[in-house]
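Chain by chain, the residues run as shown.
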Amino acid sequence: MEIVNSILDVERVVKDRPEKYSNESTVLLIDADSIAYLSNYGTEEDLDEAKFRVDKKLQEIVTEIEKSFNIKKTMIFVKGEKNFRYKVFSEYKASRKKVERHPNIELLIQYMIDKWNAYPSDKAEADDYIYTIWSLLKEKGTEQCIIASNDKDMKANCYGWFYDYRSYKDTLGKFIYVDEIDMIYNFRIQMLIGDAGDGINETKGFGIKSAQKIIYEGMSDYHFTKELIKVYQKFHGDQYKEKIKMCYNLLKLHNVTDENFKKLIQ
């Protein structure tokens, strides 16, 4: 009788691990918002099971990254209150409200704050807090960082090493290196097509394939701006400037101004 392997029989591995171990002092920055949602999915009636999944995923991330990087400090970030983007755009993340309304999500966020010393993102997003620390580390130049996140927004605002912690049938996680040119290209793509997951659809119907036909890596700011204006004028006419400004403020990650928070990395 032929034995057919099930999903549970498949050994999950980490993809694209760096070939050499990095001895450079490294700060690990974890965007943990998605971990709350992933851990709650399918366990909505069992909070203890969801907490177990949170612990397992966070420990897994740290363990796998420590195999390739000399981690000196780990910082975990979760969502907070009064994200300024809702004032910029009232429909921001409107499609996610039903999911975020599940009571376990807030409980899991608080669990990570209490047990894992996660930092709640006050008046911003976890991404903004990570971006702030990433910027400070780049400015100091004394330590590198690796960002653990499954959010494409990070790769459009930061460059360097990333670890995507999503698990698939045969994948435990994946290392990704993004250089500065990649980062600029990724952000320009987002400016052209928006972010459907966040409800930013100001050029709805203008998809990634259309965007890739008019922009390219290394494109000058001048030529990109010309193409950007053409696209937004097509959709919004004389209001194109206001729409470009709004999308930029929604998609661009912002430095957190709280000086006490910035001292955490000093």
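Residues numbered from 1 in each chain as written. Predicted model: local features only at pLDDT ≥ 70, side-chain atom pairs only at ≥ 80, totals over all residues. Heavy atoms only, no water.

Colleague: Explain the nonpolar core here, please?
Modeller: It is characteristic of soluble globular proteins that their nonpolar side chains tend to be buried jointly. Formed by 28 residues in total, the largest nonpolar core has its most connected members in Ile30, Ile65, Met112 and Tyr163. Of all the secondary-structure elements, those providing two or more residues to this core are β2 (22-31), α1 (33-40), α2 (47-66), β3 (69-79), α5 (103-116), β5 (144-148) and β7 (171-178). Considering every element that reaches this core, the biggest residue donor is α2, with 6 residues. Setting aside anything within four residues of it in sequence, one finds Tyr163 in contact with Val14, Ile61, Glu64, Ile65, Ile146, Ile147, Ala148, Ser149, Leu172, Gly173, Lys174 and Phe175. Formed by 23 residues, the second largest nonpolar core is a distinct cluster that contains Phe89, Ile189, Leu228 and Tyr240. (Core = buried A, V, L, I, M, F, W, Y, C linked by side-chain atoms within 4.5 Å. Buried < 20%, exposed > 50% of the residue type's maximum accessible area, 1.4 Å probe, protein only. Helix = DSSP H or I, 4+ residues; strand = E, 2+ residues; numbered from the N terminus. Contact = heavy atoms within 4.5 Å.)

Colleague: Looking at this structure, how should I read empty space enclosed by the protein?
Modeller: One water molecule sets the probe size; rolling that probe over the atoms shows where empty space is left. This model, assessed by the stated rule, comprises 1 cavity of 30 Å³ or more. Here the largest cavity is characterised by a volume of approximately 40 Å³. If you go around the largest cavity, the residues you meet are Arg85, Tyr92, Glu125, Asp153, Asp198, Leu250, Leu251 and Leu253. Classifying every residue of the lining of the largest cavity by side-chain character gives 4 nonpolar, no polar and 4 charged. (1 Å grid on protein atoms, 1.4 Å probe; cavity = no way out; pocket = protein on both sides within 12 Å on 5 of 7 lines; lining within 4 Å. Points joined across faces, edges and corners; volume = space filled by probe spheres on them. Nonpolar A, V, L, I, M, F, W, Y, C, P; charged D, E, K, R; others polar.)

Colleague: What exactly am I supposed to notice about the packing of aromatic side chains here?
Modeller: Counted by the stated rule, this structure contains 10 aromatic pairs. Centre to centre, the rings of Phe187 and Tyr248 are 5.8 Å apart; their planes meet at 85 degrees, and the pair counts as edge-to-face. Linking Phe187 in helix α8 (residues 180-193) with Tyr248 in helix α11 (residues 240-251), this pair joins segments that are 61 residues apart in sequence. A relative accessible area of 13% places Phe187 in the buried class. The rings of Phe69, Trp161, Tyr163, Phe175 and Tyr177 are connected pair by pair, giving a single aromatic cluster. (Phe/Tyr/Trp six-rings, centres within 6.5 Å; stacked < 30°, edge-to-face > 60°.)

Colleague: Where do I start with the pattern of salt bridges in this structure?
Modeller: In a structure, side chains of opposite charge can pair up when their charged atoms sit close to one another. Within this structure, the stated rule accounts for 13 salt bridges. Notably, a salt bridge pairs Glu49 with Arg53, separated by 3.5 Å at the nearest N-O pair. Of this pair, Glu49 and Arg53 both sit in helix α2, separated by 4 residues, roughly a single helical turn. For Glu60, the salt bridge identified is with Lys57, shortest N-O distance 2.8 Å. Pair noted here: Glu60 and Lys57 are both in helix α2, with a separation of 3 residues, about one helical turn. There is no split in this pair, since Glu60 and Lys57 are both buried. (Salt bridge = Lys/Arg side-chain N within 4 Å of Asp/Glu carboxyl O.)

Colleague: It is not clear to me how the layout of surface pockets should be interpreted in this structure. Could you clarify?
Modeller: Size it by volume and the second largest pocket reaches roughly 520 Å³. Considering every element that reaches the lining of the second largest pocket, the biggest residue donor is α2, with 6 residues. Broken down by class, the residue content of the lining of the second largest pocket amounts to 7 nonpolar, 2 polar and 7 charged.

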